[in-house]
Amino acid sequence: MAEITLENVTYVYGKGAPYEMRALDDVSLTFRPGEVTGLIGHTGSGKSTLVQMLNGLLKPDSGRVLLDGKDIWADPKKIQEIRFRVGLVMQYPEYQLFDETVESDIGFGPKNMGMEPEKIKQAVARAAQFAGLSPELLSKSPFDLSGGQKRRAALAGVMAMEPDVLVLDEPAAGLDPGGRREILSRIREYQQESGANVIIVSHSMEDMALYCDRVLVMENGKLVMSGTPAEVFSRAEELIAVGLDVPQITRVARALREVGVDIGLDIYTVKFAAQRLLSGKGKV
Amino acid sequence: MKADIAFGQYYEGNSFLHRLDPRWKILFSIFYIVVIFLAKNVFAFALLVLSAILLIAVSRIPLRMILRGLKPLIFIIAFTAIINIFWLKGKTVLVDWWIIHIYLEGIINALLIVVRVVILVAGTSVLLTYTTTPLALTDGLERLLSPLAKIRLPVHEFSMMMTIALRFIPTLVEETEKIMNAQKARGADFSTGSLARRAKALIPILIPLFISAFRRAEELATAMECRCYTGGKGRTRMNILHSTWRDPAMCLALCALCAGVVLLNYFAPGYTLAM
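Parameters at a glance
- Residues numbered from 1 in each chain as written.
- Chains lettered and ligands numbered in written order.
- Predicted model: local features only at pLDDT ≥ 70, side-chain atom pairs only at ≥ 80, totals over all residues.
- Heavy atoms only, no water.
- Helix = DSSP H or I, 4+ residues; strand = E, 2+ residues; numbered from the N terminus.
- Contact = heavy atoms within 4.5 Å.
- 1 Å grid on protein atoms, 1.4 Å probe; cavity = no way out; pocket = protein on both sides within 12 Å on 5 of 7 lines; lining within 4 Å.
- Points joined across faces, edges and corners; volume = space filled by probe spheres on them.
- Nonpolar A, V, L, I, M, F, W, Y, C, P; charged D, E, K, R; others polar.
- Salt bridge = Lys/Arg side-chain N within 4 Å of Asp/Glu carboxyl O.
- Domains from an automatic or database assignment.
- Buried area = accessible area lost by both parts, 1.4 Å probe.
- Polar contact = N/O pair within 3.5 Å; in protein donor to acceptor, adjacent residues only side chain to side chain.
- Buried < 20%, exposed > 50% of the residue type's maximum accessible area, 1.4 Å probe, protein only.
- Axes fitted to C-alpha atoms, helices over the stretch in contact; angles between N-to-C directions.
- Parallel < 35°, antiparallel > 145°, perpendicular 65-115°, else oblique.
- Left-handed = near helix turned anticlockwise from the far one by under 90°.

It is worth spelling out the side chain of B:D139 at this point. Residue position: B:D139 is located in helix α6 (residues 134–145). Contact partners of B:D139, with chain neighbours within four places excluded, come to B:R237, B:N239 and B:L241.

A word on the layout of surface pockets. Of the pockets and cavities examined, the largest pocket occupies roughly 1,300 Å³. In terms of lining residues, the largest pocket is bounded by 41 residues, among which A:S48, A:Q52, A:Q91, B:E174 and B:K178 are the most central. Listed by contribution, the elements that provide at least two residues to the lining of the largest pocket are β2 (21–31) and α1 (47–54) of chain A together with α7 (155–185) and α9 (203–226) of chain B. Top contributing element to the lining of the largest pocket by residue count: α7(B), with 10 residues. Class assignment of the residues belonging to the lining of the largest pocket gives a composition of 18 nonpolar, 13 polar and 10 charged.

All right, on to the pattern of salt bridges then. Residue and element names in this part refer to chain A. All chains considered together, the criterion is met by 20 salt bridges over all chains. Among the salt bridges present, the one from R126 reaches E162, with a minimum N-O distance of 2.4 Å. Of the two residues, R126 is situated in helix α5 (residues 117–131) and E162 in the loop between α6 (147–159) and β7 (165–169); the sequence distance between them amounts to 36 residues. Three or more residues joined by partner-sharing salt bridges are found here, namely R22, D25 and K222.

Next up on the list: the domain arrangement of chain A. Residues and elements named next belong to chain A. Segmenting chain A into domains produces domain 1 (1–74 + 164–180 + 191–238) and domain 2 (247–284). Averaged C-alpha coordinates put domain 1 and domain 2 at centres separated by 29 Å. Taken residue by residue, the interface counts 10 residues in domain 1 and 8 residues in domain 2. Summed over both sides, the interface between domain 1 and domain 2 buries roughly 750 Å², with carbon and sulfur atoms accounting for 66% of that surface. Counting every contact that joins domain 1 to domain 2 gives 1 salt bridge. For R254, the salt bridge is made with E237, and the minimal N-O distance between the two is 2.6 Å. Here domain 1 is connected to domain 2 by 2 residue pairs in polar contact (both at pLDDT 80 or more). Sorting the residues of the side of domain 1 that touches domain 2 by element identifies α8 (205–211), α9 (229–233) and α10 (236–241) as the ones contributing at least two each.

Bringing the interface of chain A and chain B into the picture now. Each partner contributes to the interface: chain A provides 25 residues, whereas chain B provides 20 residues. In total, chain A and chain B occlude about 1,800 Å² of area from one another, counting both sides; carbon and sulfur atoms represent 60% of this. A per-residue breakdown of the area chain A buries against chain B is headed by A:Y95, A:Q96 and A:F98, which together make up 30% of the total. The interface formed by chain A and chain B holds 5 residue pairs in polar contact (both at pLDDT 80 or more) in total. At the level of secondary structure, the elements contributing two or more residues to the side of chain A that touches chain B comprise β1 (4–13), α2 (79–85), α3 (102–106), α4 (108–113) and α6 of chain A. Considered class by class, the residues forming the side of chain A that touches chain B number 16 nonpolar, 7 polar and 2 charged.

Residue and element names in this part refer to chain A. In terms of burial, α1 is a largely internal element, 7 of the 8 residues being buried. Residues of α1 that are buried include every one of K47, T49, L50, V51, Q52, M53 and L54, and no others. Positive phi appears at G56, one or two residues downstream of α1, with a value of about 75°.

Mapped onto the secondary structure, A:D26 falls in strand β2. When sequence neighbours within four positions are dropped, the list of residues in contact with A:D26 reads A:N8, A:V9 and A:T10.

For the rest of this paragraph, the subject is the packing of helix α2 (residues 42–59) of chain B against helix α10 (residues 246–267) of chain B. All names here are of chain B. Where α2 contacts α10, the two axes come as close as 8 Å, and the packing angle between them is 160°. In terms of their interaxial angle, α2 and α10 are classed as roughly antiparallel. Taken as a pair, α2 and α10 cross one another with a handedness that is right-handed. In this structure, α2 uses F43, A44, L47, L48, S51 and L55 to contact α10, whose residues at the interface are M250, L257, G260, V261, L264 and N265. Of the residues in the contact of α2 with α10, the class split is 9 nonpolar, 3 polar and no charged.

In structure tokens form, the structure reads like this:
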């Protein structure tokens, strides 16, 4: 399976110009297969830049990006093969839909990979199912779909390439709570069935807490924290200091402790909080 | 990437040129262009070069910026220079070999033409685009053309359209980049293959781009209507353009330049431009 490693990656926008900005500053980290990794950080912290490093849309100014130990820029002509292995779903992906039918739009990636028409059909059907699109939608125009359906179609467009690494930039942004839950649990399911390496960028601490195995925190182009959701969210002060937040339930746990009910600070889901409370840990 | 969007290329500043009234500045630019084309004599050209240097110095815009603006013109400049060198006949033969005849006059002529193009671009961009915000520019243009409204030309609508177009260029460039990245992530390839293949490869970019442009247009129209925009009739302005002492001063300077160029054309000795 596919492991992605960043080695001392630095990237600067507008080099030499007065508005030069160091978007990534000597970042080293590893995304391991079989995990859902969450990437958080406020606007301008370098998350989106980092994400575009992973499939070679951007080339690091210094440092290396390794896919299974091999530098993805070893042969720049073969960067496309990297893009097939590392699927990237950009922010608001519904704006990239273009084809006449949903089916051929989802099939755009596999077609670029040079798959046989028969195989493309299968891949599209599988991806549509993963993304939660019903089969009768496949023959429609993508522009006749609702907002949530468009998002799913775009997601399926990347899933259809069956990438070893699936990277999603704010996959649930702008969706209603039901749509958020649906799309994130679909991604989680995809990860569990395919064993892929999944990376999600998000602003929502609640989503991170619920769907990620590991959380990375970025600030000013640097990686400042990494660990399980429990580890990261128990460091609430630091998160708040870098302009982020913790899940609501973590704040509830902190407030409870202040009034004398200590159920621990590593609380990050409601379920977990309820368990702790019921187990009698919070006795005054 | 953001560095590539040099359109409009306004350069923040507070110089004499920045503070001229945009209405006047448009007229000055036209006047300056006319003066540039009036110059025929070498000395008149020398005066023009001097005026351009003076303009750049007054504007306090770094030379690096101006040279960058000239970069896309290198091909045109080289092309006209070469044509002039090889096609112009004169008295003093420098090279006479096979079908190639190069005359001293041809070379001088080529040099003068190059100087003319460089001053034309550098001078007007310093006078107008570098020192005027696009907004002030369209505002000035609207005011200048306002008499045409009397014969029912939609001057206000025209300038509003121009303002909106200018405003959305960077947005659309950014959007194009995003869509290109998204399609590249799905394995689209824009840089290899035959011309027909490459043209076809643009479809996945153009369709989403058009759709989003229409969507933006609709949203903008709604937003404008929500703020009770009904066109130019009876609309007052927040920033009213004011003319200051600087405008007549600049006008005087340009008139002096024009007079100088005309006088030198007639009375100065030396080479005179052939076309």
